[in-house]
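# Structural overview
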2 protein chains.
Amino acid sequence: MFELQIKIPASMAGGYKVIIGTDILGSLWQTIERDYPKLNKFVVTDENLSSSGWLAKLTGEVNIPAFIIAPAGEISKNINTVISIIESMEKAYLGRDTLVVALGGGTVGDIAGFAASIFKRGVPVLHIPTTTIAQADSAIGGKTGVDSSLSKNAFGTFWHPVGVYIDVSALATLDERQFRAGLVESVKHTIIADGEYFNWFESNLNSILEQNPVVLEQLAMRNCKIKGRVVEADPYEKNQRRMLNYGHTIGHAVEAASGFKLLHGEAVAIGIIGACLIELELKLAKNDKLERIRGLLKKIGVPVTLPGNLDDKIVMELIKHDKKAVNKWPRFALTTEIGQVYSPGGQYAVEVNPELVGKILKRLR
Amino acid sequence: MFELQIKIPASMAGGYKVIIGTDILGSLWQTIERDYPKLNKFVVTDENLSSSGWLAKLTGEVNIPAFIIAPAGEISKNINTVISIIESMEKAYLGRDTLVVALGGGTVGDIAGFAASIFKRGVPVLHIPTTTIAQADSAIGGKTGVDSSLSKNAFGTFWHPVGVYIDVSALATLDERQFRAGLVESVKHTIIADGEYFNWFESNLNSILEQNPVVLEQLAMRNCKIKGRVVEADPYEKNQRRMLNYGHTIGHAVEAASGFKLLHGEAVAIGIIGACLIELELKLAKNDKLERIRGLLKKIGVPVTLPGNLDDKIVMELIKHDKKAVNKWPRFALTTEIGQVYSPGGQYAVEVNPELVGKILKRLR
């Protein structure tokens, strides 16, 4: 009988730059070629960004192999799309010396990041997020994933990008509903991390909705700072990072239960109100906080109650399948004041009785 | 315009234990439960190990959710098997608090390790390798992967196990051909790292082929030490680790070109002779080294020439698709003396002209 110890040294500490600007897409490819001269490039985007001319705007006259996700949206966020991407990279004879450039919203980023992380044991990815939700949230943090037939992000990895380039003028490609739904992740950031930012958001809501570029750049910067700070402290979601899940435990279940008719941000808005109701019930927060948050979400124009046709039982079943579930029930991220996350004993995800959650779902009507 | 820097701290340095023994499988489950009391367990194995009673021997009377890969072997090493595993984990309501236990050969380990690495952004895996090849090579080192329709390991990750338990008595479940083919990875270790080990291997070949448990434990130990040392120095294959690829660049292509009729070790044996012929041609090594290696491989009973029906052009095309290819052509790991890897300027993978490789393929008949 023998025993041997194998040591795995810590992988190199790294980091990446986030650039935020207006009308920068047209000159980005030059920057990418300058920064990564030795890597072959492969673009992943979707049919919306291709047909709106943004893909051409990015790559210019250069002929770059690209995969265009069609149809755009959650419906394509599954393992089959990832298989198609990887096979098209193989057909282009791409090897480990490839940089995947993800141009698009959260869905494109999640799919492209996941494909990059599993292509020949991993190649670098660079994100160019084009939606409110991706610019505020998903492009930063290294989470990737695609859905199975049973739950969201059943397949996924942690795969940090080598860079994130945000052009706020890309938000003009969104329809009004998508633009507004994406703002919910910003509201989440204010609630978990920064009361002053909540005030700023309330005061600047009109400029945000009018897509004033100066305000949109500030919005992106504030989001990336908060998200970046949390991710730096806990890149692989051992604890603190769980606060980012605020509103998402109920939100993800509601999104799936609606058959993805609700947009992610819309479902999270309902989930945030759900979290506020739990906080009220647990006497962690007062009613005026709930009312202020509900007021802001209503002004943004996202739902704050469950659609009538949604079955509570299905929502409860989907919560059990949450990827963070331990013993078939997930923990919840909660807050006290606006800007103050609740972390008893240093734990950023706390137990909430399933019966209480069932009761809250009824109060979300 | 804003710019922000996000730091990703090095992930925690870690390590894992390799235990080598004879007839230890029956008591292993107790050890696993003691070492990981808080994690749910999920076993991945194949129909051979299930029908031979080894799965039952491992888990005993306890009812553990398991996925049994069928048919066993390379034919199941694809993304569809991984999808089935992940969906069956979801159906068992497993979350991130799951330990995947991989019981089987290299194929089971590669599939189970890959599934663990992408299930809900990654859960730990523990390997119980049962074949010569897995005990010598694949269970150590954290490489996972499954094949696409175009090439081997097109999908994969680096995912280090939390532990490796080797029971050499499991080798009795192999048929003679598999047992012998698996020894080729041991021969590879001797050539790249340890001339004394090559001598030991030659002297003890009869005891190895008779499956003397004392000698088999020593064999496993020597392999794990060499593999472990290389992996510790370069866990994510930036340079030194490439030496482990000795014989594999031609080997992988030959394996695929044979439609996987050749076993991995058999194809690598041909690839090792190919590497020796390249070394001769480049005047890195002398003919007596080639003859000594060829003699040993012949005694093991693996092929040392290309099968007559194999098309050189297909082999060349498959080499271009090698996952380590840069600009559509991979670099080769080469050696000088037995036990001495060739690393000009500190590089462990070197350029070899495609024309030369084409010529070598003709000489491999």
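Here is what the cut-offs are and how they apply
- Residues numbered from 1 in each chain as written.
- Chains lettered and ligands numbered in written order.
- Predicted model: local features only at pLDDT ≥ 70, side-chain atom pairs only at ≥ 80, totals over all residues.
- Heavy atoms only, no water.
- Helix = DSSP H or I, 4+ residues; strand = E, 2+ residues; numbered from the N terminus.
- Rg over C-alpha atoms; globule rule 2.2 N^0.38 Å.
- Buried < 20%, exposed > 50% of the residue type's maximum accessible area, 1.4 Å probe, protein only.
- Contact = heavy atoms within 4.5 Å.
- Areas by Shrake-Rupley, 256 points an atom, 1.4 Å probe, with all protein chains shown as cover.
- Lys, Arg positive; Asp, Glu negative; His and termini not counted.
- Charge placed at Lys NZ, Arg CZ, Asp CG, Glu CD.
- Buried area = accessible area lost by both parts, 1.4 Å probe.
- Salt bridge = Lys/Arg side-chain N within 4 Å of Asp/Glu carboxyl O.
- Nonpolar A, V, L, I, M, F, W, Y, C, P; charged D, E, K, R; others polar.
- Least-squares fit on C-alpha atoms with pLDDT ≥ 70 in both.
- Expected span 1.5 Å × (residues − 1).
- Polar contact = N/O pair within 3.5 Å; in protein donor to acceptor, adjacent residues only side chain to side chain.
- Arc of directions from axis to C-beta.
- 1 Å grid on protein atoms, 1.4 Å probe; cavity = no way out; pocket = protein on both sides within 12 Å on 5 of 7 lines; lining within 4 Å.
- Points joined across faces, edges and corners; volume = space filled by probe spheres on them.
- Phe/Tyr/Trp six-rings, centres within 6.5 Å; stacked < 30°, edge-to-face > 60°.
- Pairing = 2+ DSSP bridges.

This paragraph deals with the overall build of chain A. Per the secondary structure count, chain A includes 14 helices and nine strands. Here the C-alpha radius of gyration of chain A, 20 Å, is about what a compact globule of 365 residues would show, namely 21 Å. Considering chain A as a whole, with its 365 residues, one finds that 60% of them fall into the buried category. Of the contacts made within chain A by residues no fewer than 6 positions apart, 75% connect residues no fewer than 24 positions apart. Roughly 13,700 Å² of accessible area belongs to chain A as shown, and the carbon and sulfur atoms make up 51% of that amount. For chain A, the separation between the mean place of its 41 positive charges and that of its 39 negative charges on side chains is 4 Å.

Let us look at the interface of chain A and chain B. On the side of chain B, 76 residues touch chain A, which itself brings 76 residues to the contact. Of the roughly 6,800 Å² buried at the junction of chain A and chain B (both faces included), carbon and sulfur atoms supply 60%. Linking chain A with chain B are two salt bridges. Across the salt bridge formed by R96 of chain A and E237 of chain B, the nearest N and O atoms sit 3.6 Å from each other. Looking at the side of chain A that touches chain B, the elements that each hand over two or more residues are β1 (2-8), β2 (14-21), α4 (79-91), α5 (106-118), β7 (143-146), β8 (155-158), α9 (213-233) and α13 (312-320) of chain A. Taken together, the residues that form the side of chain A that touches chain B break down as 34 nonpolar, 21 polar and 21 charged.

As a further point, take the relation of the copies chain A and chain B. Relating the two copies of this chain is a rotation about some axis coupled with a shift parallel to it. Once chain A is rotated about the relating axis by 180° and shifted along it by 0.0 Å, it coincides with chain B to within an RMSD of 0.0 Å. Taken together, the rotation angle and the small translation identify this as a two-fold axis. The overlap is high: 100% of the interface residues of chain A also sit at the interface in chain B, so the same surface is used on both sides.

Moving on: α9 of chain A. For α9 of chain A, which comprises 21 residues, the first-to-last C-alpha distance of 30 Å matches the rise-based estimate of 30 Å (1.5 Å per residue) to within 8%. Here α9 of chain A starts with a cap whose side-chain oxygen sits 2.9 Å from the backbone nitrogen of V214 of chain A, and that cap is N212 of chain A.

All names here are of chain B. Within the span of helix α8 (residues 195-203), buried status applies to Y197, F198, W200 and F201. Axial view of α8: buried residues confined to an arc of 165°, hence all on one face. Each element contacted by the buried residues of α8 is listed here: α7 (176-193), α9 (205-209), α10 (213-233) and α13 (287-300). The N-cap residue of α8 is D194: its side-chain oxygen and the backbone nitrogen of E196 are 3.1 Å apart.

For the rest of this paragraph, the subject is empty space enclosed by the protein. All names here are of chain B. Tallied over the full model, the rule gives eight cavities of 30 Å³ or more. The volume enclosed by the largest cavity comes to roughly 140 Å³. The wall of the largest cavity is formed by S151, K152, N153, T249, H252, A253, A256, L318, I319, H321, D322 and K323. Those elements giving two or more residues to the lining of the largest cavity turn out to be α11 (248-257) and α14 (312-320). Grouping the amino acids of the lining of the largest cavity by side-chain chemistry returns four nonpolar, five polar and three charged.

Considering all chains together, one arrives at 40 salt bridges over all chains under this definition. Linking K362 of chain A and D312 of chain A is a salt bridge whose minimum nitrogen-to-oxygen distance equals 3.5 Å. With K362 of chain A in helix α14 (residues 354-363) and D312 of chain A in helix α13, this pair connects stretches of sequence that are 50 residues apart. For D312 of chain A, a relative accessible area of 14% gives the class buried. Of the charged contacts in the structure, one is a salt bridge between E351 of chain B and R331 of chain B, with a shortest N-O distance of 3.2 Å. With E351 of chain B in the loop between β11 (341-342) and α15 (354-363) and R331 of chain B in the loop between α14 and β10 (334-335), the pair connects residues that are 20 residues apart, well separated along the chain. Residue classification places R331 of chain B among the partly exposed residues on the basis of a relative accessible area of 35%. By sharing partners, the salt bridges in this structure join K77, D110 and D147 of chain A into a single network.

With that settled, consider the packing of aromatic side chains. Residue and element names in this part refer to chain B. Scanning the entire structure with this criterion turns up eight aromatic pairs over all chains. Seen from their ring centres, F158 and Y236 are 5.6 Å apart, and the 85° between their planes marks the pair as edge-to-face. Within this pair, whereas F158 is found in strand β8 (residues 155-158), its partner Y236 is found in the loop between α10 and α11, the two being separated by 78 residues in sequence. For the pair W329 and F332, a centre-to-centre distance of 6.4 Å together with 40° between the ring planes defines the contact as tilted.

All names here are of chain A. In terms of residue burial, strand β3 (residues 40-46) counts as a mostly covered element, since six of its seven residues are buried. Bridging between β3 and strand β5 (residues 98-104) involves five bridges; their strand directions are parallel. Across the sheet, residue V44 finds its bridge partner in β5, namely A102. Bridging between β3 and strand β4 (residues 66-69) involves four bridges; their strand directions are parallel. Each residue of the ladder has a partner; that of V43, found in β4, is A66.

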